[in-house]
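Residue-level structure breakdown
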Amino acid sequence: MENKRSYTISIRLHSLSVKRCDDVLKSIYRDDEKSKLSSTILSKNIGKGKAYALSEQRSVPKWRDEFEHFSAGKIKIMENVYSKALVVIELKDSLKQTRFLSISFGRGNSLLDEATIVGDFGKIIAAKKIAKNMIRSVGTMEISDAIIQSNKQAVGSNSPSVDDFLKVPSEFPSSIAGISRNGSVETKLEGSGELLKITRTMNLSEIVGDLKYYLKEYTEKGTVADWISRLSKVSASQVKKELGNALANQIINTKTDFGIAWPTYTPTTLLSIVDLSKKMPENIIEPLDQLKWYINKQKPSTETLLNKIKSSHVRTEDEFGQIESRTLFKCMVVEVYQKKKRYLLFNGDWFEASKEFYEELKKSVDSVPAANLHLPRAKPNEYETDYNYRATKSLKGAVELHLTGYTNAAVARGSIEPADIVTPDRKFIYVKYGTSSANLSHLFMQAYVAAQLLSQDVDKNFRTEISKSTGFSNDFLNESVQNNQIEIIFAIIKKNRSLPFFSMISFAEAIRSLKVMNFKPEIEWIDTEKS
């Protein structure tokens, strides 16, 4: 009799386009004559399906040459030898449709054609099956001055809910881990996008039964936890096609911001697009710069650019010399406004921001009082520094603040800028062109970081340095001045008085944080003169 023990199984569901086991494989592994992939049909007592393996694969550690240099060649580093494997099982879902699920071993997922993988299987199962009080950790994507991915774990005896992990509106849950109970069976689930990892004590013969259970849970209608509802995945093929065309068009016409990042944290210096253009200069190595060069030099049509984005690959190499690649499309993070709806492209999937979430953000933005400073209009193509000089002259007693070298490692790395313009009645004004989400996010983060130090009883020296730089009276910013006596004003130079979706998220978070600290945040919209 088979002994039970704890197993961890990595499961992916494949799309309805898959008609046989081999269809889940990358095309290079489907040709039996050229491929070195071994395969066999599963025994009947397991179920209907196939097993695949690529054995004795070799790679050279990335650091081998450096090490052998230091050891003067006296110690040789051998090649790594590894294998990767895959099991594909055919089942019927609750609608009697034939579906295929794959279980990967080692780097077996690299054998899969990513176009066949259902992108939200793991996340949906976790959302349905992990009760709020059984959550153990949540992976999040935070949109602020950058896209930050992190993982938060529960510590202590209390049972947290997702709301305890997602402290701010700028955070979106991308994965969830916790305990699911099905009768007497207790299973640890980790759902992250396409991937579902299950860990429980069982016989291996029980795995197919588990696959049936999770397939049923995915395909049947049911309540999905509210933590997943801020962004809903777009599934309609026609809508995705329209969004793809809008994406390429808006990038070409510089009407949208975009970023390029690996789905899990990887520095951009370790990424590159390998097949975008043969004419790519060798000194342009970061993906964002490569794509911008391609657009500026090749001047592609909308259709050509979209095809390039979907066919080109971003590659990274780990320290063991193993190379991974994903399509550029799967590595892009983009906001697209289409038919009065806001969409986010992340990890190759389109998500629509829920109307409720958007209205919540808009309400937060609209609730910020107008500063009514009546600042002058910006001139066409005017430098920010030139505008700040003119704006300062228009305000009685105001001074430009050039305190740029102040640091406090406890709050932020690098120098902290307290404001662009300051008035004697304690208006701290931050000026920025609203030409991109990156510019605006920098503005909001600048104010938030400075406000932390500006808070009463936090950093006496910061207030002292500001007072010296302004030359205002001694009581301008002494220790007795409370936070609610200070106005934090965001002065945004922009033709229309609206914020991009990404910027709304970071602005809402900045306003929330400033209010918590008891400051008085305000907004000033600045028009631009016609050229």
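Quantities reported herein were computed from a predicted structural model and do not represent experimental measurements.

So, how was this worked out
Residues numbered from 1 in each chain as written. Predicted model: local features only at pLDDT ≥ 70, side-chain atom pairs only at ≥ 80, totals over all residues. Heavy atoms only, no water. Helix = DSSP H or I, 4+ residues; strand = E, 2+ residues; numbered from the N terminus. Buried < 20%, exposed > 50% of the residue type's maximum accessible area, 1.4 Å probe, protein only. Contact = heavy atoms within 4.5 Å. Areas by Shrake-Rupley, 256 points an atom, 1.4 Å probe, with all protein chains shown as cover. Pairing = 2+ DSSP bridges. Axes fitted to C-alpha atoms, helices over the stretch in contact; angles between N-to-C directions. Parallel < 35°, antiparallel > 145°, perpendicular 65-115°, else oblique. Left-handed = near helix turned anticlockwise from the far one by under 90°. Nonpolar A, V, L, I, M, F, W, Y, C, P; charged D, E, K, R; others polar. Phe/Tyr/Trp six-rings, centres within 6.5 Å; stacked < 30°, edge-to-face > 60°. Polar contact = N/O pair within 3.5 Å; in protein donor to acceptor, adjacent residues only side chain to side chain. pLDDT = per-residue confidence, 0-100. Salt bridge = Lys/Arg side-chain N within 4 Å of Asp/Glu carboxyl O. Core = buried A, V, L, I, M, F, W, Y, C linked by side-chain atoms within 4.5 Å.

**Notes on the overall build of the protein**
Helix and strand counts for the protein stand at 12 helices and 25 strands. Looking at the protein residue by residue over its 531 residues, the buried ones come to 49%. Nonlocal contacts in the protein, meaning residues at least 24 apart in sequence, comprise 66% of its contacts between residues at least 6 apart. Within the structure as shown, the protein displays about 28100 Å² of accessible surface, and the carbon and sulfur contribution to it stands at 48%.

**A word on the pairing of strand β1 (residues 5-13)**
Note: β1 against strand β10 (residues 195-202), 7 bridges, orientation antiparallel. The partner of threonine 8 across the bridge, within β10, is threonine 199. Looking at chain direction, β1 and strand β5 (residues 98-105) are connected through 4 bridges and run antiparallel. Residue pairing across strands places leucine 13 opposite leucine 101, the latter belonging to β5.

**Examining the packing of helix α6 (residues 287-298) against helix α7 (residues 302-311)**
Pairs of packed helices are described in terms of their axes, by the angle between the two and the distance that separates them. Relative to each other, α6 and α7 sit at 155 degrees, their axes nearing to 12 Å. Taken as axis vectors, α6 and α7 run roughly antiparallel relative to one another. In this structure, α6 crosses over α7, and the sense of that crossing is right-handed. Contact residues: α6 offers Leu291, Tyr294 and Ile295, while α7 offers Thr304, Leu305 and Lys308.

**A word on the packing of helix α5 (residues 237-252) against α7**
Look at α5 against α7: their axes get within 9 Å of each other, and the N-to-C directions meet at 105 degrees. Here α5 lies roughly perpendicular to α7, going by the angle between them. For the pair formed by α5 and α7, the contact residues are Gly244, Asn245, Ala248, Asn249, Ile251 and Ile252 on the first element and Thr302, Leu305, Leu306 and Ile309 on the second. Of the residues assigned to the contact of α5 with α7, the class counts are 6 nonpolar, 4 polar and no charged.

**Here we look at the sheet that holds strand β23 (residues 427-433)**
Spatially, 5 strands are ordered β19-β22-β23-β24-β25 in an open sheet, and the strand pairing comes out mixed. Every interior strand has two partners, whereas the edge strands, β19 (399-400) and β25 (520-526), have only one. Bridging between β19 and strand β22 (residues 421-422) involves 2 bridges; their strand directions are antiparallel. Considered in β22, the bridge of valine 399 is made with valine 422.

**Some words on the sheet that holds strand β13 (residues 272-273)**
One open sheet holds the 3 strands; their spatial order is β13-β14-β15, and the pairing between them is antiparallel. Each edge of the open sheet is held by one strand with a lone partner, namely β13 and β15 (323-327). Both strand β14 (residues 313-317) and β15 contribute to a ladder of 5 bridges, which runs antiparallel. The residue of β15 that forms the bridge with threonine 316 is glutamate 324.

**Side note on the packing of aromatic side chains**
Scanning all chains against the criterion turns up 9 aromatic pairs. Note on phenylalanine 444 and phenylalanine 490: the rings are 5.5 Å apart at their centroids and 80 degrees apart in plane angle, and the pair reads as edge-to-face. Of this pair, phenylalanine 444 sits in helix α10 (residues 437-454) while phenylalanine 490 sits in strand β24 (residues 487-493); the two residues are 46 residues apart in sequence, bridging distant segments of the chain. A relative accessible area of 0% means that phenylalanine 490 is categorised as buried. Ring centres of phenylalanine 444 and phenylalanine 507 lie 4.8 Å apart, and the angle between their planes is 50 degrees; this geometry places the pair in the tilted category. Note that phenylalanine 444 is positioned in helix α10 and phenylalanine 507 in helix α12 (residues 501-516), a separation of 63 residues in sequence. We note that phenylalanine 444, like phenylalanine 507, is buried.

**Some thoughts on the environment of aspartate 275**
Mapped onto the elements, aspartate 275 comes out in the loop between β13 and α6. A relative accessible area of 34% places aspartate 275 in the partly exposed class. Taking the C-alpha atoms as reference, aspartate 275 lies 5.4 Å from serine 312; in sequence the two are 37 residues apart. The contacts of aspartate 275, once residues within four sequence positions are left out, are Lys308, Ser311, Ser312 and His313. At a separation of 2.8 Å, a polar atom in the side chain of aspartate 275 contacts the main-chain amide nitrogen of histidine 313.

**Observations regarding the confidence of the model for the protein**
Chain-level statistics for the protein give a pLDDT mean of 82 and a share of 84% at 70 or above. Overall, residues 144-168 carries pLDDT values under 50, and its contacts beyond four positions in sequence, including any with other chains, amount to 63 contacts.

**Re the pattern of salt bridges**
A complete count under the given rule lists 24 salt bridges for this structure. Among the ionic pairs, aspartate 93 bridges to arginine 99, the shortest N-O distance being 3.8 Å. Residue classification places aspartate 93 among the buried positions, given a relative accessible area of 5%. Put simply, glutamate 220 and lysine 216 hold a salt bridge, and the shortest N to O gap is 3.2 Å. Note on glutamate 220: relative accessible area 32%, which makes it partly exposed.

**Things to note about the side chain of histidine 14**
On the secondary structure map, histidine 14 appears in the loop between β1 and β2 (38-41). Overall, the relative accessible area of 0% leaves histidine 14 in the buried class. Ignoring anything within four residues of it in the chain, the contact list for histidine 14 reads Val24, Arg99, Phe100, Leu101, Ser102, Leu112, Thr116, Ile117 and Val118.

**Comments concerning the nonpolar core**
Phe428, Phe444, Leu454, Ile488, Phe490, Leu499 and Phe507 are the most contacted members of the largest nonpolar core, which has 45 residues in total. Secondary structure elements with two or more residues in this core: α8 (355-366), β23, α10, α11 (460-470), β24, α12 and β25. Considering every element that reaches this core, the biggest residue donor is α10, with 9 residues. Listed in part, the 31 residues of the second largest apolar core include Phe258, Ile295, Leu305 and Ile309.

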